[in-house]
Amino acid sequence: MSVRERGIDASQWTSNGQIERDLLLTDADFVRIRELIYQRAGIVLAEHKREMVYSRLAKRLRHHGITRFTDYLSRLERQPDAKEWEAFTNALTTNLTAFFREAHHFPLLAEHIKHKQEPVTIWCSAASTGEEPYSLAMTLLETLGPKASQAKIIATDIDTDALSKARMGIYPQEQVRKLDDARVKRFFQKGTGNHIGLARIRPEVSALVEFLPLNLLAPQWPIKGSFDAIFCRNIMIYFDKDTQAKILKRFAPLMKPDGLLFAGHSENFSYISDAFKLRGQTVYTLAKQ
């Protein structure tokens, strides 16, 4: 998914090293923002994210013609069901992904599913702009052949802007060229005319994926197991330990007895939950099968 952490433009720095801003963000505002995004999405914003927060939310204030973060936050709090909460959450969600990121997971998944008799079902719980669930779909097609048409990948994310891009399935060819030529030829359509420089996911790949908005902190999830695998990679690092434990506890009953849970390279669940045990290479199985 896209990285939306934008730097501060050089023109915004004053001669004494201070950032010149047209909108007022106080220390109290930043504390409120940290509390609100934690309550909404479980995301823990570190102190050093202040400039990132200013950069991302400033557009929302300008969109509404507001000059003080205090006023913007008060408006949000007065309207707990307002559509603006979605934009607020989207703005503070970081999206970093790639096709076949952490490549060692995909052969492990292929080995796990290749002899499955029942239709394979997978949950990609941090789908972002679609690169990960489409990589899973390509793996299913390569591994299962015609049987892949019976498989299903549920791809969810809290960021609805990212999901809109994911559903389109259109990417810069520069990004796609990082894949081997056989995959590019088999799974992408090369853009021409006004679409030159772009590549679209082929319909047989996108047909395996269903995108849904989902907040992992929501009291109810609009999905049902049992899944052969859950991919929850590089998202837990944004949650505190208590939130991670609660999510892992909810994952467990959604998995088949031999199901696999895939984590990111910097995530370790061994000391957070007793529901899973490490199988190796950041892949977990249920502790009680």
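Scoring rules and cut-offs
Residues numbered from 1 in each chain as written. Predicted model: local features only at pLDDT ≥ 70, side-chain atom pairs only at ≥ 80, totals over all residues. Heavy atoms only, no water. Pairing = 2+ DSSP bridges. Helix = DSSP H or I, 4+ residues; strand = E, 2+ residues; numbered from the N terminus. Axes fitted to C-alpha atoms, helices over the stretch in contact; angles between N-to-C directions. Contact = heavy atoms within 4.5 Å. Phe/Tyr/Trp six-rings, centres within 6.5 Å; stacked < 30°, edge-to-face > 60°. Buried < 20%, exposed > 50% of the residue type's maximum accessible area, 1.4 Å probe, protein only. pLDDT = per-residue confidence, 0-100. 1 Å grid on protein atoms, 1.4 Å probe; cavity = no way out; pocket = protein on both sides within 12 Å on 5 of 7 lines; lining within 4 Å. Points joined across faces, edges and corners; volume = space filled by probe spheres on them. Nonpolar A, V, L, I, M, F, W, Y, C, P; charged D, E, K, R; others polar. Parallel < 35°, antiparallel > 145°, perpendicular 65-115°, else oblique. Left-handed = near helix turned anticlockwise from the far one by under 90°.

**Student:** What exactly am I supposed to notice about the sheet that holds strand 10 (residues 283-286) here?
**Tutor:** Whether parallel or antiparallel, the strands of a sheet pair through hydrogen bonds between backbone atoms. Overall, mixed pairing links the seven strands, which are arranged 6-2-1-7-8-10-9 in an open sheet. Each edge of the open sheet is held by one strand with a lone partner, namely strand 6 (209-213) and strand 9 (276-280). The average undirected angle you get between the axes of adjacent strands in this sheet is 25°. Bridging between strand 9 and strand 10 involves four bridges; their strand directions are antiparallel. Of the residues in strand 10, the one forming a bridge with G280 is V283. The strands touched by helix 11 (residues 241-251) are strand 1 (121-124), strand 7 (227-232), strand 8 (255-263) and strand 9; relative to strand 8, the strand with the most contacts, the crossing angle is about 145°.

**Student:** What is the right way to read the packing of aromatic side chains from this model?
**Tutor:** In this description, a pair of aromatic rings is defined by centroid distance and the angle of the planes. A complete count under the given rule lists 14 aromatic pairs for this structure. Both rings, one in F99 and one in Y171, keep their centres 5.0 Å apart while their planes meet at 80°; by these two values the pair is edge-to-face. Taken as a pair, F99 in the loop between helix 4 (84-91) and helix 5 (105-113) and Y171 in strand 3 (residues 170-172) lie far apart in primary sequence, 72 residues in all. For F99, a relative accessible area of 9% translates into the label buried. Under the relative-accessibility criterion, Y171 is labelled buried at 3%.

**Student:** Sorry, what's going on with the confidence of the model for the chain here?
**Tutor:** Where the model shows low pLDDT, its predicted coordinates should not be examined in detail. Put simply, the chain has an average pLDDT of 90, and 93% of its residues get 70 or more. Low pLDDT (under 50) marks residues 1-18, which in the prediction has 35 contacts with non-local residues, meaning those over four places away or in another chain.

**Student:** Would you explain empty space enclosed by the protein in this entry?
**Tutor:** Rolled over the atoms, a probe as big as a water molecule pinpoints where empty space is left. If you walk through the whole model with that rule in mind, you get one cavity of 30 Å³ or more. The computed volume of the largest cavity comes to approximately 40 Å³. Considering the residues around the largest cavity, the lining is formed by K116, E118, P119, V120, L144, K147 and Q150. Within the lining of the largest cavity, the residues separate by chemical class into three nonpolar, one polar and three charged.

**Student:** So what exactly am I meant to see when it comes to the packing of helix 2 (residues 50-64) against helix 4 here?
**Tutor:** In a pair of packed helices, the angle between the axes and the distance between the axes together describe the arrangement. Where helix 2 contacts helix 4, the axes come no closer than 8 Å and their chain directions differ by 150°. By the angle class used here, helix 2 and helix 4 are roughly antiparallel. In this structure, helix 2 meets helix 4 at a crossing whose hand is right-handed. Taken together, the residues of helix 4 that come into contact with helix 2 (itself represented by R56, L57, R60 and H64) are E84, A87, F88 and A91. Grouping the amino acids of the contact of helix 2 with helix 4 by side-chain chemistry returns four nonpolar, one polar and three charged.

**Student:** What is the right way to look at unusual backbone geometry in this model?
**Tutor:** Note: most peptide bonds trans; most residues except glycine with negative phi. Omega for the peptide link from G225 to S226 comes to 15°, which places this bond in the cis form. The backbone of Q281 shows a phi angle near 55°, a positive value even though the residue is not glycine. Here Q281 lies in the loop between strand 9 and strand 10. Residue classification places Q281 among the exposed positions, given a relative accessible area of 52%.

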